[in-house]
Amino acid sequence: MTQILSRLARLAFWPALVFALVMAVLPKPPELPTDALGDKFQHMLAFFTLTTLAGLGWPRASIVRTALWLSLVGAGIEVVQAIPDLHRDSDWRDWVADSAAIMAACLPVFYFRRVAGDPGESGKA
């Protein structure tokens, strides 16, 4: 069962990452139902989802390393959003929201890995 879940998470990770990146750089992204909850909520939802999918999809990968890479993706998004022609607002607090969601998602991923008995998670970087 763990292998099936892992495979599904890997398959879902890539479209989720592409969706998050495209939405982050579109000059005028389409309206979403989550717009009313604010920009930070959307950032946190995206990065919580990406971290969960990555953590489950690659259970032998270090969760710390995964978290660092995803946090770097969040920082990169803010750098790209600073490009004037995109007409987006770059805000370091968005990166903080991304990173907070990443850290929050590490907890259920770590728990799942322990319960599932995956040997890959020992907290090593």
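What this report covers is the structure whose coordinates are included nearby.

Cut-offs applied
- Residues numbered from 1 in each chain as written.
- Predicted model: local features only at pLDDT ≥ 70, side-chain atom pairs only at ≥ 80, totals over all residues.
- Heavy atoms only, no water.
- Core = buried A, V, L, I, M, F, W, Y, C linked by side-chain atoms within 4.5 Å.
- Buried < 20%, exposed > 50% of the residue type's maximum accessible area, 1.4 Å probe, protein only.
- Helix = DSSP H or I, 4+ residues; strand = E, 2+ residues; numbered from the N terminus.
- Contact = heavy atoms within 4.5 Å.
- Polar contact = N/O pair within 3.5 Å; in protein donor to acceptor, adjacent residues only side chain to side chain.
- Axes fitted to C-alpha atoms, helices over the stretch in contact; angles between N-to-C directions.
- Left-handed = near helix turned anticlockwise from the far one by under 90°.

Quick look at the nonpolar core now. Of all hydrophobic cores here, the largest spans 19 residues; its most connected members are Phe 13, Phe 47, Leu 50, Leu 53, Leu 70 and Ile 102. Elements with a minimum of two residues in this core: helix H1 (2-25), helix H2 (39-57), helix H3 (63-81) and helix H4 (92-116). With six residues, H1 is the single largest residue contributor to this core. For Leu 53, the residues in contact, after removing those within four places along its chain, are Ala 9, Ala 12, Phe 13, Ala 16 and Trp 58.

Moving on to the side chain of Ser 6. Structurally, the position occupied by Ser 6 is in helix H1. Judged by its relative accessible area of 6%, Ser 6 is buried. A polar side-chain atom of Ser 6 sits 3.3 Å from the main-chain carbonyl oxygen of Leu 56. Residues in contact with Ser 6, not counting those within four places in the same chain, are Leu 56, Gly 57, Trp 58 and Pro 59.

Take the packing of H1 against H2 next. Here H1 crosses H2 at 150°, and the two axes come no closer than 8 Å. The two elements H1 and H2 cross, and the hand of that crossing is left-handed. Where H1 abuts H2, its residues Leu 5, Ser 6, Ala 9, Arg 10, Ala 12, Phe 13, Ala 16, Leu 17 and Ala 20 lie against Ala 46, Leu 50, Leu 53, Ala 54, Leu 56 and Gly 57.

Scope: geometric values only; no functional claims are made or implied.
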